[in-house]
Each structure stands twice: as C-alpha cells, then as structure tokens.
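Reading the structure
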Amino acid sequence: MPDLPSAFLPLLLLSKFVTPVTFRHHRYDDLVRTLYKVHNQCPDITRLYNIGRSVKGRYLYVLEFSDYPGIHEPLEPEVKYVGNMHGNEVLGRELLLQLSEFLCEEFRNRNQRILRLIQDTRIHILPSMNPDGYEVAAAQGPNMSGYLVGRNNANGVDLNRNFPDLNTYFYYNSKYGGPNHHLPLPDNWKSQVEPETRAVIQWIRSLNFVLSANMHGGAVVANYPYDKSLEHRFRGPHRTSNSPTPDDELFQTLAKVYSYAHGWMHQGWNCGDYFPDGITNGASWYSLSKGMQDFNYLHTNCFEITLELSCDKFPRQEELQREWLGNREALIQFLEQVHQGIKGMVLDENSNNLTGAVISVTGINHDVTSGEHGDYFRLLLPGTYSVTAKAPGYDPKTVTVTVGPAGPTVVDFQLKRSSSQVYPVQRAPSRGQGGRAKQPRTSRKKDPATKRHRGPA
C-alpha cells in the first residue's frame with residue numbers, strides 16, 4: 001500500500017473489511033440503482049422510500065437504516081443526512097451513497113460499531129434533495145464555466161432560501177415574549193415553497209428527528225445556526241453578525257465533532273478562508289434568510305448543522321476516494337452524537353403515553369416536545385440540569401439530572417392530572433412517525449444481525 005498522510009491512518013482502522021468501491025459520479029438513474037442495490041443487499045436493515053417529487057417529477061428517495069425498518073421504536077432516536085440541496089454541489093450526494101454502501105457492508109461483516117449504531121439508531125439518508133439541478137450541473141461536468149449552473153431547482157429557486165422565515169418570529173418572541181420552539185407555519189405556507197421544499201418540510205414534520213446535517217460545497221467548514229442575523233433586515237445579508245442560538249455551546253460541540261474527525265477541516269485554512277477549528281456560526285460568516293437549518297431548529301425538535309465539504313462544488317471523479325477517506329470517520333461520529341443528553345417517556349397516571357408534552361431545561365431558552373409515542377430526546381452537553389416536563393391539564397414535574405459523557409441519561413416523567421383545570425389530553429395514536437410503534441425497549445438487547453426481519457409497516 002502506498003504511503004498515506006497520517007490524518008488518514010485512524011480512518012483506516014474503522015473496519016477490517018472495507019469492500020472495494022468504484023468511486024464515480026452518479027446521474028439520477030445510477031443513484032436510484034445504487035440505492036436499490038444497497039437495499040437488496042441488506043433488506044433486513046434497510047427501507048427505501050420517497051418523500052415526494054421534484055419539479056420535473058424525479059422521486060426524492062430516502063434510504064433508511066434500522067434494525068426494524070419502517071418502525072419507530074420508542075426511545076430510539078431518528079437522525080438524517082440531506083445531500084445535494086444545491087444541484088451543483090455534488091460531493092455530499094456521492095458521500096451519502098458511499099456511506100449507504102459502507103453501512104450495509106460493515107453490517108454484513110459484523111463490525112460491532114456499525115451493528116450497535118444500526119441497532120440503537122434510526123438513520124435516514126436523502127442523497128439528493130435537488131435531482132433536477134444536479135442533472136443540469138452534471139451535463140456541464142467538473143469543467144463547467146458557470147459557477148452557479150444547476151444550483152437552483154428547475155423553477156430557478158434556491159432551495160436553501162425557500163423555507164418559511166421563522167427567525168423573525170423567534171427574535172420578536174425573544175424580545176416581547178412568546179414560544180421558543182415549534183413556531184407555527186403561515187396558513188398558506190404550501191403555496192409559498194417549491195415542491196422539493198414542501199416534501200422535506202412534510203418529511204421532517206412526520207418524524208421526530210433529533211439530529212441532522214445538510215451537505216453543501218464551495219468551502220470546507222461546519223456551519224451551525226443561526227444562519228440569519230438578528231440585524232439581517234436592517235443591515236442586509238452581506239453584513240456579518242454572530243447570532244448564537246440558546247444551544248450555542250452544544251452546536252459548537254457538534255460542529256467540532258465533525259470538523260476534528262474530518263481529515264483536514266479542523267485545520268481551519270481551506271479554500272482561501274480561515275475558520276478557527278473548522279467551524280463557524282452561520283450568520284457570522286454571512287447572513288442567510290429562509291434556510292433549512294434554522295427552520296429545523298425553530299419548527300421541530302431537530303438540531304441541524306450545515307457541512308461545507310469541498311472547495312470545488314463538483315470535484316473531479318479521481319478526487320472522490322480521497323474525499324471519502326477524509327469524511328468517513330466524521331460521518332459515523334456525527335451519527336453517534338445523537339446518543340447524548342437525556343431521553344425518556346412522558347406518561348400520565350395510568351401509564352398512557354402523552355404526546356406534545358414540553359420538556360424545558362432551566363437556563364436554555366429552547367424547549368423540545370414528546371413525540372407521537374410519548375418519547376422525547378433532548379441533546380445536552382455533560383453537566384447537571386434542572387428539567388421540567390409539562391402538558392395541558394397536568395401538573396408540571398421538575399427533576400435534577402446529571403448528564404455524563406457516555407450515552408444519554410434516561411429520565412421518564414409521570415404527570416398527574418391537575419385538580420384545578422381540565423384540558424383535552426393528547427394521546428399517542430396506534431400508528432405514526434413513519435410506521436407502527438414498538439413498545440419501549442427492555443434491558444435485554446437483540447442482535448440485529450441474527451434477528452428475524454419484521455419488515456416495513
């Protein structure tokens with residue numbers, strides 16, 4: 001084997017069995033064939049589904065990895081990767097196809113780290129959010145003269161400037177009082193967004209995602225919210241201003257996990273730019289309105305960062321192997337970050353699941369809610385916290401929780417009905433969140449490599 005840079009050596013230790021892969025760009029038909037190939041090779045742990053169509057009718061395919069595909073298991077977190085939002089920024093698309101093949105092969109080779117990841121996590125991979133734009137860019141190839149050729153969708157719209165603007169509402173609420181999470185959408189939001197954006201919004205509203213990364217190109221840096229500056233409206237999008245979220249320290253840590261596991265992102269100097277530790281607050285770089293990562297944080301329980309992965313938006317085919325080796329460990333480590341903080345069930349006095357209960361952490365002005373099956377997930381850094389669960393018609397309950405560095409702390413809440421007020425109670429339906437629910441796990445763990453396949457719902 002030829003000598004490799006020292007930064008790559010830890011990456012080669014991820015597995016003893018790395019199946020040879022042909023590194024090449026995939027047009028739409030090739031992408032679909034690759035996803036079906038992975039599903040056919042690992043049918044017990046994958047499900048291929050689509051969340052909608054592009055302007056030109058191409059399906060937006062998602063490949064799910066789970067030990068029970070198609071089923072939300074209470075207390076098992078949902079995580080997603082989204083690639084190729086800008087059609088001409090293609091590295092994320094190729095990395096996610098490589099990641100899909102890698103997870104399948106390593107599962108079949110009984111890599112214990114991958115077995116554990118798939119057993120304990122429900123992973124959703126959307127390789128291309130903008131397949132129409134990609135086809136335009138791919139027709140030009142890496143030698144394209146137009147820097148923005150294929151960036152937008154077929155209607156000429158930048159999908160990362162197309163989500164409902166919830167930052168304005170949040171900044172107003174922060175000043176004058178109001179909700180700090182799950183901000184409502186305008187009544188006519190569906191008519192204001194593109195088909196691809198609408199499909200993604202409906203997707204992230206249907207599953208209780210906890211963690212996400214959105215992949216771009218043109219720089220090498222891990223970008224965290226907020227993307228939109230508080231002063232965006234007054235100073236314009238080209239003026240910079242650091243705009244931290246209430247979870248700023250956590251977001252910085254998530255960004256650093258990817259940056260330092262990456263082959264060179266953490267070095268800071270890339271593409272003629274310098275970002276300390278290879279990370280940046282989005283608005284501190286440049287202010288962006290109606291972006292996807294801010295939308296995830298303000299409308300759902302999901303914490304999303306944006307990964308700028310390559311100086312060249314459309315890298316040459318011969319560069320893809322190096323890029324895969326530089327990103328592989330980071331892609332796995334980032335998925336593993338969903339297993340930190342606290343999680344648990346919110347129940348009533350009769351042990352029925354409570355949907356939509358609000359989980360608040362003292363000192364962090366951003367709440368999360370329990371999902372349709374009564375489970376909640378709150379990413380937190382190690383430390384001691386005061387955590388409160390509350391639901392309409394029930395007395396709130398507050399506990400003190402210590403979060404360690406190794407895995408999430410399970411904190412269940414059983415709320416008593418309030419004697420002073422009576423409200424309608426939301427209860428978990430029998431189906432939802434991408435499939436039927438299983439009962440919460442017991443301490444006895446199953447081996448996903450030998451279990452009988454349960455099939456998608």
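Since we're looking at a predicted model, the values are computed, not measured.

**Side note on the overall build of the protein**
Secondary structure assignment for the protein yields 13 helices and 18 strands. Going through the 457 residues of the protein one by one, you find that 59% of them count as buried. If you take every contact in the protein between residues at least 6 apart in sequence, the share linking residues at least 24 apart comes to 77%. Carbon and sulfur atoms provide 48% of the accessible area of the protein, an area that totals close to 19,000 Å².

**Remarks on the sheet that holds strand β5 (residues 209-216)**
Strand pairing in a sheet relies on backbone hydrogen bonds, with the paired strands running either antiparallel or parallel. Pairing is mixed in the open sheet, where eight strands are placed in the order β1-β2-β4-β3-β5-β10-β6-β9. At either margin of the open sheet sits one strand with a lone partner, and together these are β1 (46-53) and β9 (279-281). Averaged over all pairs of adjacent strands, the angle between strand axes in this sheet comes to 20°, irrespective of strand direction. Across the sheet, helix α2 (residues 28-41) touches β1 and β2 (59-65), and the angle it forms with β2 is around 25°. Seen against the sheet, helix α13 (residues 320-336) touches β3 (78-82), β4 (122-126), β5 and β10 (303-310) and runs at an angle of roughly 155° to β3.

**With respect to the pattern of salt bridges**
Going through the model one piece at a time under the given rule, you end up with 19 salt bridges. Salt-bridge contacts for Arg122 lead to Glu64; the nearest nitrogen and oxygen are separated by 2.9 Å. Of this pair, Arg122 sits in strand β4 while Glu64 is found in strand β2, placing the two residues 58 residues apart along the sequence. Taking the relative accessible area as the measure of exposure, Glu64 reaches 0% and is therefore buried. The closest approach of N and O atoms between Arg108 and Glu105, which form a salt bridge, is 3.5 Å. Taken together, the positions of Arg108 and Glu105, both in helix α3 (residues 91-108) and three residues apart, correspond to about one turn of that helix. Given the relative accessible area of 46%, Arg108 is considered partly exposed.

**Things to note about the packing of helix α10 (residues 248-261) against α13**
Between α10 and α13, the shortest axis-to-axis distance is 7 Å and the interhelical angle comes to 150°. As judged from the angle between their axes, α10 and α13 are roughly antiparallel. In this structure, the crossing between α10 and α13 has a hand that is right-handed. Each of Leu254, Val257, Tyr258 and Ala261 in α10 lies in contact with α13, whose residues at this interface are Gly326, Asn327, Glu329, Ala330, Leu331, Gln333 and Phe334.

**Regarding helix α8 (residues 195-206)**
For α8, with 12 residues, the first-to-last C-alpha span of 16 Å sits near the 16 Å given by 1.5 Å per residue. Buried within α8 are the following residues: Glu196, Thr197, Ala199, Val200, Ile201, Trp203 and Ile204.

**Here we look at the nonpolar core**
Ranked by size, the top nonpolar core spans 110 residues in total, and within it Phe65 and Trp203 carry the most contacts. If one sorts the elements of this core by residue count, α3 sits on top with nine residues. Setting aside its immediate chain neighbours within four residues, Trp203 contacts Tyr49, Ile51, Val62, Lys80, Val82, His124, Leu126 and Phe209. Formed by five residues, the second largest nonpolar core is a distinct cluster that contains Val90, Tyr134, Ala138 and Phe314.

**Structural notes on the state of the cysteines**
As enumerated under the stated definition, the model contains two disulfides in all. Residue pairing for Cys42: its cysteine sulfur links by disulfide to Cys104, the two sulfurs lying 2.0 Å apart. Torsion about the S-S bond of the Cys42 and Cys104 cystine: about 90°, corresponding to right-handed handedness. Pair noted here: Cys42 is in the loop between α2 and β1 and Cys104 is in helix α3, with a separation of 62 residues, a long-range link. Across the pair, Cys104 and Cys42 agree in class, each one buried. The disulfide partner of Cys271 is Cys311, and the gap between their sulfur atoms is 2.0 Å. Residues Cys271 and Cys311 are joined by a disulfide whose S-S torsion is about -85°; by sign, that bridge is left-handed. Of this pair, Cys271 sits in the loop between β7 (269-270) and β8 (273-274) while Cys311 sits in the loop between β10 and α13, and the two are 40 residues apart along the sequence.

**A short note on the sheet that holds strand β12 (residues 358-361)**
Strand order in the open sheet made by the four strands is β13-β12-β15-β16, with antiparallel pairing throughout. A single partner strand is all that each edge strand has here, and the edge strands are β13 (364-369) and β16 (397-403). For this sheet the average axis-to-axis angle between neighbouring strands, irrespective of direction, equals 30°. Bridge count for strand β15 (residues 383-390) against β16 is seven bridges, and the pairing is antiparallel. Looking at β16, one finds that Gly383 is bridged to Val403.

**Overview of unusual backbone geometry**
Cis geometry is adopted by the peptide bond preceding Tyr226, which originates at Pro225 and carries an omega value of 0°. Its identity is not glycine, yet Leu75 carries a phi of approximately 75°, on the positive side. Locating Leu75 in the fold gives a position in the loop between β2 and β3. Look at Asn84: it is not a glycine, yet its phi comes out positive at around 60°.

**Re the environment of Val38**
Mapped onto the elements of the fold, Val38 is located in helix α2. The class of Val38 is buried, set by a relative accessible area of 0%. Sequence-wise, Val38 and Leu97 are 59 residues apart; in three dimensions their C-alpha atoms are separated by 9.2 Å. In this view, Val38 contacts Thr46, Leu63, Phe65, Ser100, Glu101 and Cys104; residues no more than four positions away in its chain are not counted.

**Notes on the pairing of β3**
With five of its five residues buried, β3 lies for the most part within the structure. Alternating residues of β3 divide into Glu78, Lys80 and Val82 and Val79 and Tyr81, and every residue in both groups is buried. By the bridge criterion, five bridges tie β3 to β4 in an arrangement that is parallel. Paired with Glu78 across the two strands is Arg122, which belongs to β4.

What counts, and where the lines are drawn
- Here, residues in each chain are numbered from 1, in the same order as that chain's written sequence.
- Where totals are concerned, whole chains, interfaces and linings use all residues; where local detail is concerned, this predicted model gives features only for residues with pLDDT of at least 70, and gives and counts side-chain atom pairs only at 80 or more.
- As a convention, hydrogens and water are excluded, and side-chain values are obtained from all of the structure's heavy atoms.
- Each helix is a run of DSSP H or I of at least 4 residues and each strand a run of E of at least 2, with the numbering of both proceeding from the N terminus.
- Partly exposed residues are those whose accessible area sits between 20% and 50% of the maximum for their type, while under 20% is buried and over 50% is exposed, using a 1.4 Å probe and protein chains only.
- Between two residues, a contact is recorded if the distance between any of their heavy atoms is within 4.5 Å.
- Note that accessible areas follow from Shrake-Rupley with a 1.4 Å probe, and for residues the cover is restricted to the protein chains shown.
- Only when DSSP finds a minimum of two bridges between them are two strands counted as paired.
- All axes here are fitted lines through C-alpha atoms, helices being fitted over the stretch that makes contact, and every angle between N-to-C directions spans 0 to 180 degrees.
- When a carboxyl oxygen of Asp or Glu lies within 4 Å of a side-chain nitrogen of Lys or Arg, that pair is called a salt bridge.
- To sort the angles, those under 35 degrees are grouped as roughly parallel, those over 145 as roughly antiparallel, those from 65 to 115 as roughly perpendicular, and the leftovers as oblique.
- Crossing handedness is defined as follows: a turn of the near helix away from the far one that is anticlockwise and smaller than a right angle gives a left-handed crossing, while the clockwise case is right-handed.
- By definition here, a helix of n residues has an expected span of 1.5 Å times n minus one.
- The criterion is simple. A nonpolar core is a set of buried Ala, Val, Leu, Ile, Met, Phe, Trp, Tyr and Cys residues joined through side-chain atoms within 4.5 Å.
- By convention in this document, the label disulfide applies to cysteine sulfur atom pairs within 2.5 Å.

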